Amino acid sequence: MEILNSPSQNRRAAVVKESQGSTTSSSAFSLIRKGWREVRDSADADLQLMRDRANSFKNLASSLDRELENFFNSASTFSVPAIRSSPSGDIDFVKKLQPKISEFRRVYSAPDFSKRVLEKWRPRAKLGIDLSAIKNAIVDEVEDRGGVIDFDRVYRGRRLRFREFWGEEAQFGEWEPIRALKTRLRELEKRGSSAELFGAFKNSEFVEKVKSSLKAICGETLDSKEVQPLDVPELLAYLVRQSGPFLDQLGIRRDFCDKIVESLCSKRKNQLLSCALSPEESSILENHNVNEELDLRIASVLQSTGHCYEGDFWTCLTKRDQSDGKRHVAIVTTASLPWMTGTAVNPLFRAAYLAKSAKQNVTLLVPWLCESDQEFVYPNNLTFSSPEEQESYIRNWLEERIGFRADFNISFYPGKFSKERRSIIPTGDTSQFIPSKNADIAILEEPEHLNWYHHGRRWTDKFNHVVGIVHTNYLEYIKREKHGALQAFFVKHINNWVIRAYCHKVLRLSAATQDLPKSVVCNVHGVNPKFLRIGEKVAAEGELGRQAFSKGVYFLGKMVWAKGYKELIDLLAKHKNDLDGFNLDVFGNGEDANEVQSAAKRLDLNLNFLKGRDHADDSLHGYKVFINPSVSDVLCTATAEALAMGKFVVCADHPSNDFFRSFPNCLTYKTSEDFVAKVKEALAKDPQPLTTEQMYNLSWEAATQRFMEYSELGRVLNNEKDNVKSRKTDGKTTMKSISAPSLSDVVDGGLAFAHYCLTGNEILRLCTGAIPGTRDYNRQHCKDLHLLPPHVENPIYGW
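Residues numbered from 1 in each chain as written. Predicted model: local features only at pLDDT ≥ 70, side-chain atom pairs only at ≥ 80, totals over all residues. Heavy atoms only, no water.

(A) The overall build of the chain, seen in detail. Along the chain, the regular secondary structure elements total 35 helices and 16 strands. Counting over 799 residues, the chain shows a buried share of 42%. Partitioning the contacts of the chain with sequence separation of at least 6, the portion at a separation of at least 24 is 70%. Counting only carbon and sulfur atoms, one obtains 53% of the accessible surface of the chain, whose full area is about 44,600 Å². (Helix = DSSP H or I, 4+ residues; strand = E, 2+ residues; numbered from the N terminus. Buried < 20%, exposed > 50% of the residue type's maximum accessible area, 1.4 Å probe, protein only. Contact = heavy atoms within 4.5 Å. Areas by Shrake-Rupley, 256 points an atom, 1.4 Å probe, with all protein chains shown as cover.)

Here it is, written out as structure tokens:
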């Protein structure tokens with residue numbers, strides 16, 4: 001039995017050690033008697049101490065008796081006027097208390113008080129120890145061993161029972177401490193070994209907490225492995241990747257930088273794969289691309305140091321926090337109806353279908369032109385005297401085509417038409433026309449165009465998420481002008497500049513545009529539902545055996561050379577004899593109308609020029625073939641509308657037409673000879689009716705779904721964390737959201753600040769082709785839009 005550190009057991013241990021040197025039972029009993037004598041002396045000392053304490057209590061009672069007697073004496077003589085008026089004359093409760101106090105004093109003054117107290121509190125049973133069990137055990141062992149006592153064997157082979165030591169007659173009555181002690185000793189007796197006693201203690205919750213505390217004091221993280229620091233190739237790879245904006249401005253292609261990063265990171269990745277990793281971890285490393293793996297590597301190193309990235313030097317962190325439960329989307333575009341251009345029509349439909357879900361508030365921000373510019377831009381000399389009048393025109397036009405009332409706001413910002421660029425340029429700070437309380441998500445239609453001369457607050461600072469949608473291939477237009485190659489070089493880098501500075505995400509409708517930063521290619525445009533209904537009608541007539549098309553070939557577009565008129569005239573002039581009897585009706589108005597008509601007349605081409613009209617006009621339903629030879633478009637809306645109406649489309653094999661290749665009625669050509677063959681093929685047979693899936697892909701419902709996915713707007717509207725990538729290793733999760741401060745973000749902020757400084761100088765603006773006086777809106781804009789003058793809106797003029 002294991003010996004515990006209680007006084008009685010220590011004495012027993014001493015007895016055992018002394019008896020080991022003796023060989024007779026008599027000496028062993030003499031030592032036991034000596035131990036018992038010491039126990040008895042100790043008990044006598046304890047009893048004497050209890051007597052002394054009882055005597056002190058008796059003295060305390062005598063002192064209390066004297067104090068009470070003094071109190072009664074003083075109470076019997078105490079009187080005040082109010083009490084003297086009492087019939088009794090003394091305090092009643094004192095009279096009642098005096099007999100009780102006297103009896104209490106008499107009891108505790110008795111000589112045998114201390115004796116009775118000791119009898120009351122001492123154990124009632126007599127403590128007795130049965131030594132016969134020890135004697136018998138020792139005698140038996142001596143007889144077995146030939147007179148030699150082996151106490152170690154006695155305690156190993158046969159454990160002395162508690163009852164054998166204390167004796168059956170040792171009864172302690174109801175004294176609680178002794179009963180509790182006996183219970184604990186019985187529990188210890190049932191233990192098999194010291195391992196059972198201390199095994200549970202080692203695995204207890206208390207020990208685990210102590211270990212955790214010691215590890216925390218030593219700075220050790222629980223369940224963590226040491227994260228290796230970044231090596232030189234990883235640092236170089238991260239520097240090269242973060243220097244992308246600067247290298248891009250120098251003309252170094254992005255894929256070249258990606259190859260450098262991949263080569264630098266391949267060594268580290270091979271080392272990790274060669275280590276003893278689990279199959280799950282190995283598959284994660286193999287599936288991750290280099291950029292994601294580098295991000296997570298940087299994040300893990302920084303996470304091990306406790307660093308958390310909260311923003312860079314140029315980034316404003318005071319964006320509005322959404323608390324009203326409904327998000328706000330602002331769509332800013334560069335044109336408006338009745339100008340029938342893609343940047344006027346498509347943003348209008350986008351606003352309608354985003355507002356249709358009623359999950360977010362939508363505002364469409366369009367330019368307001370003074371009356372002099374309206375006469376030059378809007379067709380048929382149509383003008384508006386107030387923004388309210390133009391808004392009414394826009395809503396009526398939209399509801400007539402979509403068939404439902406769209407609940408969204410329409411606001412106006414001041415703009416001015418540039419005859420040289422043939423486009424509308426914003427004047428002043430466009431972002432100020434979205435109230436700060438609604439500045440949540442911004443969709444910039446043609447973001448490069450909106451920000452060429454933008455002098456105001458940074459969009460990404462005011463809005464939580466900024467998406468740009470690239471509509472126009474400006475480089476293709478500029479190359480057609482004088483010194484076009486040099487101009488295109490500068491415009492390309494300026495576009496990269498403003499995109500980096502003002503957008504979080506950019507969508508390119510096709511790969512025909514320049515490769516912009518932060519961009520992906522996706523068609524997020526649909527067609528007017530009216531065109532789909534026309535296609536359904538044509539398919540129904542075909543099923544009934546009726547002839548749906550009574551006319552031949554046509555072309556529709558704004559009459560400027562860059563819209564495909566040059567390519568069309570060149571094709572027809574080259575194959576004039578091959579297309580004998582071929583007549584083409586052309587619908588359009590524009591600045592180059594006279595030149596285009598003169599060139600066609602000079603070459604004696606079978607072209608019939610008509611005024612521009614809506615593509616859904618009844619007069620266009622009977623045409624079977626739509627020709628679009630343009631290579632300057634990004635994604636031709638007229639091509640999508642012709643396909644939706646069930647017509648054949650003959651177009652160039654160009655990235656702008658990649659989305660339409662999956663439709664059987666789209667016939668693409670690579671050479672001029674191929675163009676002639678496709679035209680004859682289209683005239684010789686009937687187009688195939690569209691399937692349900694094809695019609696859905698052309699609809700605005702599908703376009704809106706693609707937009708929500710590729711712009712990450714769905715994730716933002718669902719309040720998910722932005723740009724979070726994670727990987728679970730060793731039971732932990734490493735998140736990219738707490739990774740290093742992005743050098744790219746710092747560069748973008750610096751570019752925005754530099755752009756703001758440059759666009760604030762009027763001379764620099766004029767040198768780059770800006771319209772004079774467009775840094776701020778003019779008096780006519782103030783009058784039409786009810787705005788404060790610029791010097792009142794911005795007291796510090798010039799910045």
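Now that the structure has been shown, the text picks up again.
(B) Inspection of the packing of helix α17 (residues 342-356) against helix α30 (residues 700-710) at higher detail. Contact pair α17 / α30: the axes reach a minimum separation of 10 Å and the direction vectors enclose 80 degrees. One finds that α17 runs roughly perpendicular with respect to α30. On the side of α17, the interface is formed by N346, F349, R350, Y353, L354 and K356, while α30 contributes W700, E701, T704, F707 and M708. Counted by class, the contact of α17 with α30 contains six nonpolar, two polar and three charged residues. (Axes fitted to C-alpha atoms, helices over the stretch in contact; angles between N-to-C directions. Parallel < 35°, antiparallel > 145°, perpendicular 65-115°, else oblique. Nonpolar A, V, L, I, M, F, W, Y, C, P; charged D, E, K, R; others polar.)

(C) The packing of aromatic side chains, seen in detail. Under the criterion given, the structure shown has 21 aromatic pairs. Measuring from ring centre to ring centre gives 6.1 Å for F587 and Y623, while their planes differ by 80 degrees; the resulting arrangement is edge-to-face. With F587 in strand β10 (residues 584-587) and Y623 in strand β12 (residues 623-628), this pair connects stretches of sequence that are 36 residues apart. With respect to burial, F587 and Y623 carry one shared label: buried. The rings of Y554, F555, Y565, F587, Y623 and F626 are connected pair by pair, giving a single aromatic cluster. It is R421 that lies over the ring of W452; its NZ or CZ is 5.4 Å from the centre. (Phe/Tyr/Trp six-rings, centres within 6.5 Å; stacked < 30°, edge-to-face > 60°. Lys NZ or Arg CZ within 6 Å of the ring centre and 35° of its normal.)

(D) Layout of the nonpolar core. Ranked by internal contacts, the top residues of the largest apolar core, which has 106 residues, are L398, F408, L572, L584, I627, F675 and F707. Per-element accounting of this core gives the leading share, nine residues, to α17. Of the residues that make up this core, three or more belong to each of domain 2 (327-525 + 742-785) and domain 3 (529-698). Beyond its immediate sequence surroundings of up to four residues, L572 is in contact with L579, F582, L584, L605, L607 and F675. Counting 25 residues, the second-largest nonpolar core is a separate cluster that includes L365, Y413, A439 and A442. (Core = buried A, V, L, I, M, F, W, Y, C linked by side-chain atoms within 4.5 Å. Domains from an automatic or database assignment.)

(E) Fine view of the confidence of the model for the chain. Averaged over the chain, the pLDDT score is 75; the fraction of residues at 70 or greater is 64%. Per-residue pLDDT, averaged within each element of the chain, yields its smallest value for helix α3 (residues 81-84) (41) and its largest for strand β5 (residues 441-445) (96). Overall, residues 75-91 carries pLDDT values under 50, and its contacts beyond four positions in sequence, including any with other chains, amount to seven contacts. Note that residues 309-318 has pLDDT below 50 and, in this model, 19 contacts with residues that lie over four places away or in other chains. (pLDDT = per-residue confidence, 0-100.)

(F) Main features of a negative patch on the surface. A contiguous patch of negative charge on the surface is contributed by E38, D41, D44 and D46. Tracing the sequence through the fold places E38 in helix α2 (residues 25-77). (Patch = residues over 30% accessible without salt bridge, like charges linked within 9 Å, V, L, I, M, F, W, Y side chains within 5 Å. Salt bridge = Lys/Arg side-chain N within 4 Å of Asp/Glu carboxyl O. Lys, Arg positive; Asp, Glu negative; His and termini not counted. Charge placed at Lys NZ, Arg CZ, Asp CG, Glu CD.)

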